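Examining the three-dimensional arrangement
Here is how the chains run, residue by residue.
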Amino acid sequence: MEDGILQELSGRCFAELVEILIKDIPRSLIILGCLQQMERSPKVTNGHVYVSQWPNPDIVVFEDTAYKVLLDCKYPPTTIFANCSTEKLKITLGKSHLKQLFTCSSGILIGDPRCTNIAIENAKLNCCEVQVAAVPHFCALMDAANLVKHECPPGYYIAPLKLQDAQLVDHMWKFGEYGSIGILHTVESHRRRGLAKAVIYHLATKILEEGKIAFNVIEKENEISRQLFLQNGIYNVP
């Protein structure tokens, strides 16, 4: 298939795609999470999957049309996994239907950190002033030995939420109705007590016990969050 041309993948092939992507963990964890959430919560995460070739695609794109409705944005948030050269990724972003992201006031790209600079460069070529929100920091706990232990300070404890906690969470949670496990928020009056590090430690421990890899994505400008996860032994994935 010609570089820059993406074909939509049939849902019948999703199981095989998952098996292919699993071989490239941790880099593929973000788009694997999208596919898993699309299966479990289609009202929140649903859309189209495109590949550069089939089988063995080196570019996989997920356009979340359900989340587009929730965000009320012009184009669907797009998650990109790429196991190809920067040049091929650049051609695909600029030549395929994804170029629509560079002609609107804002676009949301998640996944391969190379997308940010490529998107800005393509926008300039199209004489557009666009802001592309990307998530260039992808951190994962690849070795359990790296996990740094942090416990709660006196007077605090970590426990599963109960139904009676729903009202408090709805009132205090600042990220809206659809939160992500990777999004962390501490109520201002309880900050600087080590609570965030303790929560990350206990969540990562639970994820490891389930045989999974603990990971998160961080926006480029959120250096505080990146340093926080570094202190827990969760490092950027190259």
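Quick note: structure is the one above.
Residues numbered from 1 in each chain as written. Predicted model: local features only at pLDDT ≥ 70, side-chain atom pairs only at ≥ 80, totals over all residues. Heavy atoms only, no water.

Observations concerning helix α7 (residues 195-209)
Look at α7: 21 Å from first C-alpha to last across 15 residues, which is about the 21 Å you get at 1.5 Å a residue. Residues of α7 that are buried: L195, A196, A198, I200, Y201, A204 and I207. Where the residues of α7 are buried, they touch α8 (223-230). Positive backbone phi, approximately 75°, marks G211, located one or two places after α7. (Helix = DSSP H or I, 4+ residues; strand = E, 2+ residues; numbered from the N terminus. Expected span 1.5 Å × (residues − 1). Buried < 20%, exposed > 50% of the residue type's maximum accessible area, 1.4 Å probe, protein only. Contact = heavy atoms within 4.5 Å.)

Quick notes on the pattern of salt bridges
Evaluation of the coordinates by the stated rule reveals 3 salt bridges. The salt bridge involving E151 is made with K149; its shortest N-O contact spans 3.8 Å. (Salt bridge = Lys/Arg side-chain N within 4 Å of Asp/Glu carboxyl O.)

Quick look at the pairing of strand β2 (residues 47-51)
Successive residues of a regular strand alternate their side chains across the two faces of the sheet. Judged by how many residues are buried, β2 sits mostly within the fold: 4 of 5 residues are covered. Here strand β1 (residues 7-8) runs beside β2; their pairing, made up of 2 bridges, is antiparallel. Directly across from Q7, in β2, lies its bridge partner V51. One ladder, built from 5 bridges, connects β2 with strand β3 (residues 59-64); its direction is antiparallel. Looking at the pairing, V51 lines up with V60 of β3. (Pairing = 2+ DSSP bridges.)

Describing the packing of helix α1 (residues 14-22) against helix α2 (residues 29-40)
The interhelical angle for the contact between α1 and α2, taken along N-to-C directions, is 150°, at an axis separation of 10 Å. Judged by the angle between their axes, α1 and α2 are roughly antiparallel. Between α1 and α2 the crossing geometry is left-handed. Here α1 contributes F14, L17, V18, L21 and I22 to the contact with α2, which in turn contributes I31, L32, L35 and M38. For the contact of α1 with α2, the per-class residue count stands at 9 nonpolar, no polar and no charged. (Axes fitted to C-alpha atoms, helices over the stretch in contact; angles between N-to-C directions. Parallel < 35°, antiparallel > 145°, perpendicular 65-115°, else oblique. Left-handed = near helix turned anticlockwise from the far one by under 90°. Nonpolar A, V, L, I, M, F, W, Y, C, P; charged D, E, K, R; others polar.)

Quick notes on the environment of P55
Topologically, P55 is positioned in the loop between β2 and β3. Look at P55 and you get partly exposed, because its relative accessible area is 43%. Taking the C-alpha atoms as reference points, P55 and E16, 39 residues apart in sequence, are found 8.9 Å from one another.

Comments concerning the environment of I118
Here I118 lies in helix α5 (residues 115-125). Expressed as a C-alpha distance, the spacing of I118 and E87, which sit 31 residues apart in the sequence, is 9.5 Å.

Points about the pairing of β3
With 6 of its 6 residues buried, β3 lies for the most part within the structure. Because side chains alternate across β3, one face comprises the buried residues I59, V61 and E63, and the other comprises V60, F62 and D64, equally buried. Pairing between β3 and strand β4 (residues 78-82): 5 bridges, direction antiparallel. Bridge pairing links E63 to T78 in β4.

Thoughts on the environment of Q53
As for its position among the elements, Q53 is in the loop between β2 and β3. Between the alpha carbons of Q53 and E8 there is a distance of 9.7 Å; along the sequence they are 45 residues apart. Within the structure, Q53 has its side chain in polar contact with the backbone oxygen of N56 (distance 2.8 Å). (Polar contact = N/O pair within 3.5 Å; in protein donor to acceptor, adjacent residues only side chain to side chain.)

Section: the nonpolar core
Here is a general trend for soluble globular proteins: nonpolar side chains tend to be buried in one another's company. L17, L21, V49 and V60 are the most contacted members of the largest nonpolar core, which has 14 residues in total. Where this core is concerned, the elements lending two or more residues are α1, α2, β2 and β3. Among the elements that take part in this core, α2 stands out by supplying 5 residues, more than any other. The contact partners of V60, leaving out residues within four places of it in the chain, are L17, L21, I31, V49, Y50, V51, T79, I80 and F81. Core analysis: the second largest hydrophobic core is formed by 13 residues, I200, I218, F229 and I234 among them. (Core = buried A, V, L, I, M, F, W, Y, C linked by side-chain atoms within 4.5 Å.)

None of this, on its own, says anything about what the molecule does.
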